[in-house]
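Here are the chains, one letter per residue:
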Amino acid sequence: TPSDARGKVVIVSGPTPGIGRRYADAAGFIIVPAEQIIPQLRAFMSQVSTQMREPADTVVRPLSLAVPAASIPLFLGVPIANAHPGTTGKILSGEIRYRMVDAPARNVVAIIRGSDPRLRNEFVALGAHNDHLGLRDEGPVDTDSLRAFNEIAAKLYIARTHELPGFPGTGLTAPERSSIHVSVDSLHHIRPARRDSIYNGADDDGSGSVGLLEIAEKFASDKVKPKRSLLFVWHTGEELGLFGSEFFTDHPTVSRDSIVGQLNIDMIGRGEAADLPGGNPGFLQVIGSRRLSTELGDLLETVNTRDALGFKFDYSFDAPGHPEQYYCRSDHYEYARYGIPIAFMSTGGHIDYHQVTDEPQYINYSHLARVASFVADLATHVADLDHRLVVDHPKPNPTAECIQ
């Protein structure tokens, strides 16, 4: 339990979303991830850590280490497979020193007032995130050769598993990895080497940010506004841990109870067969649309059918317990934890996810525009209901760990 972890180092095997919030009083965490992502995870953990500062915040943050499963007996005295919740290991000692420096960031918020005198004090929220990953710590990389490697790696992985790898270039067997040969000379013959260290984030979440701006411009130019008001929030700090949406929902600029629903878009610029298995011109992942309000999920389907938009919704990542934990990994969750019905829409992962190769030339702009148009239609229908969206599922505890 969280109280048992106070002042101790918690060993975690498997998915970790929400672990820091649940065990906030732990002295640290030892993470046991899949072997192939340990180097990437260690590089991430060695970066300067960014946390959301609370008033008079002087709390020492827990330290996290990523270790292979084989080293767990050094800490627990038994293999991870033989451990169970509550297993007590050895005593660890040491000193952690921190230097705290402010790193200001801001959400961007806009409101389009509704047309109904009674309903305009209620809001349909729409969101995307305006941050990405910054610069590559390891320095510039040959962008085209990296993309060629990840493309071949993805094809090998998909051929074996029929799924896209959780992170580009991972999940390969040793023979598969050694079989990949990229002719860098051939690539450079087509185009000179492009060395880049900037995580551009064209799809994640440039596509969502641009789509949200287009939706706002559409409603701003309409002569007839929806009955309810529309609340647009471009959240900051999503990649760091949903900081912007957490802060906004904890300190909203409108009454939290006046928000009747939230529609979140994150990565809506891809979705074709070349991007992921099962991709197609009508592909759209939908997550969370019925978790609090069956009515919102039904309305989403109705809008697609009635307006003949032709989307083929993929609900696979909305499955309870799904290991990718998408329901817990984008800004919509911070609204859902307060009992606000949400729908999260995305065109899914691809070989450029969290890579310097996530660039504008790979965006499918017509697909992006279709998704934005659909979200605008859905927002209109929610805003024009003669009643609030019915919440017919239990509201979660806003301070509890997110459960996929």
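First, a word on scope: everything that follows refers to the structure included in this document. What you are looking at is a predicted structure, and each value in this text was computed from that prediction instead of being measured.

1. Some thoughts on the environment of Gly349
- Mapped onto the fold, Gly349 is located in the loop between strand E12 (342-346) and helix H12 (365-383).
- Along the backbone, Gly349 and Ser245 are 104 residues apart, and their C-alpha atoms lie at a distance of 22 Å.
- Those residues in contact with Gly349, other than ones at most four positions away along the chain, are Leu164, Met267, Asp275 and Leu276.

2. A closer look at the sheet that holds strand E11 (residues 312-314)
- Read from one edge of the open sheet, seven strands run E4-E8-E5-E9-E12-E10-E11, paired in mixed fashion. Only two strands of the sheet have a single partner each, and these edge strands are strand E4 (108-112) and E11. In this sheet, neighbouring strand axes are inclined to one another by 25° on average, regardless of whether the strands run parallel or antiparallel.
- Here E4 pairs with strand E8 (residues 229-235) via five bridges, running antiparallel. Following the sheet pairing, Val109 is matched in E8 by Val233.
- The sheet contacts of helix H10 (residues 294-306) involve strand E10 (283-287), E11 and E12, and relative to E12 the element is tilted by about 45°.

3. Observations regarding the state of the cysteines
- If you walk through the whole model with that rule in mind, you get one disulfide.
- Between Cys328 and Cys402 runs a disulfide, and the two sulfur atoms are separated by 2.0 Å. The chirality of the disulfide connecting Cys328 with Cys402 is left-handed, given an S-S dihedral of about -80°. Of the two residues, Cys328 is situated in the loop between E11 and helix H11 (332-336) and Cys402 in the segment after H12; the sequence distance between them amounts to 74 residues. Here Cys328 and Cys402 have matching classes, each one buried.

4. Observations concerning the pairing of E8
- Most of E8 sits out of view: seven of its seven residues are buried.
- Judged by which residues are buried, E8 turns out to be covered on both faces: Ser229, Leu231, Val233 and His235 on one side and Leu230, Phe232 and Trp234 on the other are all buried.
- Bridge analysis of strand E5 (residues 123-129) against E8 gives seven bridges, and the strand direction is parallel. Residue pairing across strands places His129 opposite His235, the latter belonging to E8.

5. Digging into the sheet that holds strand E1 (residues 9-13)
- One open sheet accounts for three strands, arranged E1-E2-E3; its pairing is parallel. Strand pairing shows two members of the sheet lacking a second neighbour, E1 and strand E3 (63-66), which therefore form its edges. Strand-to-strand twist in this sheet, taken as the mean axis angle between neighbours without regard to direction, amounts to 20°.
- The strands touched by helix H2 (residues 38-45) within the sheet are strand E2 (28-32) and E3, with E3 carrying the most contacts at an inclination of about 160°.

6. Looking at the nonpolar core
- Residues Leu126, Ile215, Phe232, Met345, Phe374 and Val375 are the most contacted members of the largest nonpolar core, which totals 40 residues.
- Where this core is concerned, the elements lending two or more residues are E5, helix H7 (202-221), E8, strand E9 (259-265), E10, H10, E12 and H12.
- Looking at which element gives the most residues to this core, the answer is H12, with 10 residues.
- The residues contacting Val375, other than those within four sequence positions of it, are Leu126, Ile215, Leu263, Ile265 and Met345.
- In this structure, Ile259, Tyr333, Ile340 and Phe344 belong to the second largest nonpolar core, which totals 20 residues.

What counts as what
- Residues numbered from 1 in each chain as written.
- Predicted model: local features only at pLDDT ≥ 70, side-chain atom pairs only at ≥ 80, totals over all residues.
- Heavy atoms only, no water.
- Helix = DSSP H or I, 4+ residues; strand = E, 2+ residues; numbered from the N terminus.
- Contact = heavy atoms within 4.5 Å.
- Pairing = 2+ DSSP bridges.
- Axes fitted to C-alpha atoms, helices over the stretch in contact; angles between N-to-C directions.
- Disulfide = S-S within 2.5 Å.
- Buried < 20%, exposed > 50% of the residue type's maximum accessible area, 1.4 Å probe, protein only.
- Core = buried A, V, L, I, M, F, W, Y, C linked by side-chain atoms within 4.5 Å.

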